[in-house]
Amino acid sequence: MVVLRKLPGMPGWPAALGLRLPQKFLFLLFLSGLLTLCFGALFLLPDSSRFKRLFLPRRATASASSSSSASSSSASSSSTRDTDLPRSPPAAAEPRHASPAAPRRLREKLRTAARMAGPPARTAPGSRQQVQGGESRAQPASAAPPARETRAPFRFDYERFRRSLRHPVRGGRSGEDPETRARRMKIKEMMKFAWDNYKQYALGKNELRPLTKNGHIGNMFGGLRGATVIDALDTLYIMELEEEFQEAKQWVEKSFDLNVNGEASLFEVNIRYIGGLLAAYYLTGEEVFKSKALELGEKLLPAFNTPTGIPRGVINLGSGMSWSWGWASAGSSILAEFGTLHLEFLHLSELSGNPVFAEKVRNIRRVLSRVEKPQGLYPNFLSPVTGSWVQHHVSIGGLGDSFYEYLIKSWLMSDKKDSEAKKMYDDALEAIEKHLVKKSAGGLTYIAEWRGGILDHKMGHLACFSGGMIALGAQHSTGDRRQRHMELAAEITSTCHESYTRSDTKLGPEAFRFDAGSEATATRLSERYYILRPEVVESYMYLWRLTHQPKYRHWGWEVVQALEKHCRVEAGFSGIRDVYSTTPSHDNMQQSFFLAETLKYLYLLFCEDDVLSLEDWVFNTEAHPLPINHTDLKAAGQA
């Protein structure tokens, strides 16, 4: 062992090591560098380090700590201010292509990324944010932030909302005739039968398989469970099936898990789960429904992280990764999917005080307002990268349908303040009338599909919602336009009724055509099935409420009888594979939308108009009622 201490009677330690002069110089140089490095490391130690306090003057240490605390407190204050402004959207982004300058584009990208990331998380009072390893962790503040006036946390005023409704949610139940009440009670019994069998054989699964008496999960919901539970909540409540509603609520409270990791349809999760939870909250005031809706809504936000802000159709609810459907042209997004978010996302902002949800869907509007519309029409496929149409296929049925529905309903839900939505709807309907509305040789009015200027003379069952939509919009038009649109709505609904009456089961096919001598009938085997769809009875309900013509109730009762005869099985209701067969085979699936939409619309058809009054509510495309914004419902003191 080498002793480095100088001892009496011995030379200094460099000499003891037998080093020559040049070697001594290099050794001393190395030693001085080592000492400098060690001393400098003291400045990199945390403020709380004992060694740092030992070697540094007290004043310098306190100054560094105070500076760090002040900076952190300022960031925390900024965060709180941002999240306390629920109704003030972020400043409008500069046009993405306003300038070719590279620095300008970089700033725009950074601003876009910040908007997509949403508002910063709140920090607890008396704490500061410390970022380490990419994670934010609350640390005790070393100094109190400067005193300032703080706002109360955002709170939605539910009691004020209920007082703003013009009619009782379940109506007054006065002045109805016994036959109407008996028919409504029959539909209520069908709902109870569908729910009881789902509860017995498939509770917690997404849908019931009534023939095999088991549950079905499917791959549309990213690992989420209980689609039928969420879809049925508001229908059970409106029908006053109190015990069944409590069963559904209890499942949501105890078993509805949002920590899933799977591929989900952005569209289906939004209209079924978020729509169903929002409706259940507005109807009952139960906080569990609101909190679940908001938590799930946040899981959908990463789908909007695209160059245009147009969301992709598929998202992994665990990782946040998103992509387009494999069958969608050139990685495009679907009009009926990204165009059917507006109602729900505005309500997510309304209930949370977080403007990010509303900003996401308003940006979709901005993109659509910029892009050129061929012949004034909206094609079904849009690139989320370029914001341009991918192909010119236009349909009021599948792939396009609910986009148009949400335009007129956005205007109504805003208490007729969203003039942009109303203009987009009016312009779109004018182009549809001009290019797509046709009349068959037999006098049936229908809406054809458009493929790059060539008409395909077919109409899908999904397109049969349009009779109700056009009638709803016509109520707010004037003069000749109002009359023309009410006539068009009635004619389209009549055509859809014909597609039912011309089948052997009195239920309508998935699609029907007007060519080769056929009218309102399916000419292809692949289009002859019926999966408990609601669109035809949806239009019956709207036309009844807006005209009170008895034929709509009569047509609705025909559907009830056909469902009972051909779709009711021992353990629920099932779709059928061929509506033109007198002995149809069943598809072994009780769709969740049968409880959410078909049975709800049939029930409302035989209710008085004040049950879920159209003066107070709009229905999302899954028939979940969302309230019209009659007033600002922030809690007092949060203006």
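Model, not experiment: these values are computed from the prediction.

The rules behind each value
Residues numbered from 1 in each chain as written. Predicted model: local features only at pLDDT ≥ 70, side-chain atom pairs only at ≥ 80, totals over all residues. Heavy atoms only, no water. Helix = DSSP H or I, 4+ residues; strand = E, 2+ residues; numbered from the N terminus. Contact = heavy atoms within 4.5 Å. Buried < 20%, exposed > 50% of the residue type's maximum accessible area, 1.4 Å probe, protein only. Axes fitted to C-alpha atoms, helices over the stretch in contact; angles between N-to-C directions. Left-handed = near helix turned anticlockwise from the far one by under 90°. Nonpolar A, V, L, I, M, F, W, Y, C, P; charged D, E, K, R; others polar. Salt bridge = Lys/Arg side-chain N within 4 Å of Asp/Glu carboxyl O. Pairing = 2+ DSSP bridges. Phe/Tyr/Trp six-rings, centres within 6.5 Å; stacked < 30°, edge-to-face > 60°. Lys NZ or Arg CZ within 6 Å of the ring centre and 35° of its normal. Expected span 1.5 Å × (residues − 1). Bend = angle between axes of the 7 residues up to and from the residue. Polar contact = N/O pair within 3.5 Å; in protein donor to acceptor, adjacent residues only side chain to side chain. Core = buried A, V, L, I, M, F, W, Y, C linked by side-chain atoms within 4.5 Å.

A. Structural detail: the side chain of Ser164. Summarising the element assignment, Ser164 is placed in helix H6 (residues 158-164). When near neighbours in sequence (up to four residues on either side) are disregarded, Ser164 contacts His630 and Thr631.

B. Broad picture of the environment of Met541. Relative to the assigned elements, Met541 resides in helix H19 (residues 535-547). The buried category is assigned to Met541, whose relative accessible area is 0%. For the pair Met541 and Cys607, spaced 66 residues apart in sequence, the C-alpha to C-alpha distance is 9.8 Å. Other than its neighbours up to four places away in sequence, Met541 contacts Tyr601, Leu604, Leu605 and Phe619.

C. Structural detail: the packing of helix H8 (residues 227-238) against helix H9 (residues 242-255). The contact between H8 and H9 brings their axes to 9 Å, and the two run at 145°. Seen from above, H8 lies across H9 with left-handed handedness. Packed against H8, whose contacting residues are Val229, Ile230, Leu233, Leu236 and Tyr237, the element H9 presents Glu244, Phe245, Ala248, Lys249, Trp251 and Val252 at the interface. Residues that form the contact of H8 with H9 fall into these classes: 9 nonpolar, no polar and 2 charged.

D. Just the pattern of salt bridges, in detail. Counted according to the given criterion, the structure contains 35 salt bridges. Arg272 is paired through a salt bridge with Glu207; the nearest N and O atoms lie 3.7 Å apart. With a gap of 65 residues between them, Arg272 in helix H10 (residues 266-284) and Glu207 in strand E3 (residues 207-209) connect regions that are remote in the sequence. Taken as a pair, Arg272 and Glu207 share a single burial class, namely buried. A salt bridge links Lys213 to Glu570; its shortest N-O distance comes to 3.0 Å. Of this pair, Lys213 sits in the loop between E3 and strand E4 (214-216) while Glu570 sits in the loop between strand E18 (568-569) and strand E19 (572-573), placing them 357 residues apart in sequence. Several salt bridges converge on common partners, so that one network encompasses Glu449, Arg451, Asp456, Arg513 and Glu527.

E. Inspection of the sheet that holds strand E15 (residues 454-456) at higher detail. Spatially, E11-E14-E15 is the arrangement adopted by the 3 strands of the open sheet, whose pairing is antiparallel. At either margin of the open sheet sits one strand with a lone partner, and together these are strand E11 (393-394) and E15. As judged from the 2 bridges shared by E11 and strand E14 (residues 449-451), these two strands associate in the antiparallel manner. By the bridge assignment for E14, Val394 is matched with Trp450.

F. The arrangement of the packing of aromatic side chains in detail. Per the counting criterion, the structure on display carries 30 aromatic pairs. Ring-pair connections join several aromatic residues into one group, and the members of that group are Phe156, Tyr158, Phe161, Tyr281, Tyr282 and Trp617. Over the ring of Trp411 we find Lys422; its NZ or CZ atom is 5.0 Å from the centre of that ring. A cation sits over an aromatic face here: Arg568 above Phe193, 3.8 Å from the ring centre.

G. Geometry of helix H21 (residues 592-605). An ideal rise of 1.5 Å per residue puts 20 Å on 14 residues; H21 measures up with 20 Å between its terminal C-alpha atoms. At Leu599, H21 shows its maximal bend, which comes to roughly 25°.

H. Highlighting the side chain of Lys409. Residue position: Lys409 is located in helix H15 (residues 401-413). By relative accessible area, Lys409 is classed as buried at 3%. At 3.5 Å, the side chain of Lys409 forms a polar contact with the side chain of Tyr542. Residue contacts for Lys409: discarding those within four places in its chain leaves Leu343, Leu472, Glu538, Tyr542, Val618, Phe619 and Asn620.

I. How the structure looks around the nonpolar core. Counting 160 residues, the largest nonpolar core has Leu224, Val252, Tyr404, Leu507 and Leu563 as the members making the most contacts within it. With 12 residues, the single largest contributor to this core is H10. Filtering out sequence-adjacent residues up to four positions away, Leu507 remains in contact with Ser499, Tyr500, Tyr530, Val559, Ala562, Leu563, His566, Cys567, Ile576 and Val579.

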